[in-house]
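So the chains spell out like this:
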Amino acid sequence: MSASVTVLVLAGGSSRRFGSDKLDARLGDRSVLDHCLSGMPSAWDLVVVGPSRPVPDAVAGRVRWARESPPGGGPLAGIAAGLKVVTADVVCVAPGDAPRAGEVLPLLVAALESDPWPAGTVLSDGEGRPNPLLAAYRTDALRRAVPADAHGLPARTLLTLPHREVRAPFEVPDVDTPEDLDAMTP
């Protein structure tokens, strides 16, 4: 039996390196965030952590909103805020600026469900660096790992959890700069 899954989509950053709201930047005919949300598995609930904004009709019924307080506390604070509304067995974390995140999350969940040992499975990039913000975690373990006051703490704190690294059979880029967006634009 497979676990229930909720995806926390982190969408509250300041986009300093991008220079404007990168989640609203156009990738073809849709925003970067719309690509991310539309690519999520349809059976999973979505919690978007950040300021409320329009989302595609196809996912609108599955989206709940959360916001860290005060805003701007970083990804770990965003995860803490999102966890407050999660009731699923497994929590996936995905950055809203990763249009293909939804394609890799099922691989991470399958790896987590196939092995009782790890508290999480995290995507490892081509250079062997684990990304705690593109991952699947057992909800109870994640709740224990996230400090009550996570404001300003590094997301790599999550790598203290017992975890397994998973490599995707494809690249899962994110948009940090206008050049990153240009490289993705068809």
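Everything quoted here is computed from the prediction, not taken from an experiment.

What to know about the overall build of the chain
No. 1: Along the chain, the regular secondary structure elements total 6 helices and 9 strands.
No. 2: Whereas a compact globule of 186 residues would reach a radius of gyration of roughly 16 Å, the chain reaches 15 Å, a difference of no more than 12%.
No. 3: Projecting the C-alpha coordinates of the chain onto the three principal axes gives extents of approximately 40 × 35 × 35 Å.
No. 4: The contacts of the chain with a sequence gap of at least 6 include a subset with a gap of at least 24, amounting to 66%.
No. 5: When the accessible surface of the chain is totalled, it reaches about 9,000 Å², and 51% of it is carbon and sulfur.
No. 6: Positive and negative side-chain charges in the chain, numbering 18 and 23 respectively, have mean positions lying 5 Å apart.

Notes on the state of the cysteines
No. 1: On inspection of all chains with the given rule, the structure shows 0 disulfides.
No. 2: In this structure cysteine 36 is a free cysteine whose sulfur lies 11 Å from that of cysteine 92, the closest cysteine sulfur available.
No. 3: On the basis of relative accessibility, which here comes to 0%, the residue cysteine 92 falls in the buried class.

Notes on the sheet that holds strand β4 (residues 45–49)
No. 1: With respect to topology, 7 strands assemble into an open sheet ordered β5-β4-β1-β6-β8-β7-β9, the strand pairing being mixed. Where the open sheet ends on each side, the last strands, each with one partner, are β5 (63–66) and β9 (163–167). The mean angle between the axes of side-by-side strands here comes to 25°, regardless of whether they run parallel or antiparallel.
No. 2: With 4 bridges joining them, strand β6 (residues 90–95) and strand β8 (residues 130–138) adopt antiparallel strand pairing. Residue pairing for β8: valine 90 is matched across the bridge by arginine 138.
No. 3: Packed onto the sheet, helix α4 (residues 101–113) meets β1 (5–10), β6, β7 (120–124), β8 and β9 and runs at close to 55° relative to β8.

Structural notes on the nonpolar core
No. 1: In this structure, Val7, Val9, Leu37, Met40, Cys92, Leu105 and Leu134 are the most contacted members of the largest nonpolar core, which totals 32 residues.
No. 2: The leading source of residues in this core is α4, at 7 residues.
No. 3: For leucine 37, the contacting residues outside a window of four places in its chain are Val9, Leu46, Val48, Val55, Pro56, Val59 and Arg62.
No. 4: Judged by nonpolar contacts, the second largest core, of 28 residues, contains Leu83, Val86, Leu133 and Val146.

Details of the side chain of threonine 121
No. 1: Structurally, the position occupied by threonine 121 is in strand β7.
No. 2: Under the relative-accessibility criterion, threonine 121 is labelled buried at 0%.
No. 3: Here leucine 108 takes part through its backbone oxygen, which lies 2.7 Å from a polar atom of the side chain of threonine 121.
No. 4: The residues touching threonine 121, leaving out its near neighbours within four places in the chain, are Leu108, Val109, Ala111, Leu112, Ala135, Ala136, Arg164 and Val166.

Conventions and cut-offs
Residues numbered from 1 in each chain as written. Predicted model: local features only at pLDDT ≥ 70, side-chain atom pairs only at ≥ 80, totals over all residues. Heavy atoms only, no water. Helix = DSSP H or I, 4+ residues; strand = E, 2+ residues; numbered from the N terminus. Rg over C-alpha atoms; globule rule 2.2 N^0.38 Å. Contact = heavy atoms within 4.5 Å. Areas by Shrake-Rupley, 256 points an atom, 1.4 Å probe, with all protein chains shown as cover. Lys, Arg positive; Asp, Glu negative; His and termini not counted. Charge placed at Lys NZ, Arg CZ, Asp CG, Glu CD. Disulfide = S-S within 2.5 Å. Buried < 20%, exposed > 50% of the residue type's maximum accessible area, 1.4 Å probe, protein only. Pairing = 2+ DSSP bridges. Axes fitted to C-alpha atoms, helices over the stretch in contact; angles between N-to-C directions. Core = buried A, V, L, I, M, F, W, Y, C linked by side-chain atoms within 4.5 Å. Polar contact = N/O pair within 3.5 Å; in protein donor to acceptor, adjacent residues only side chain to side chain.

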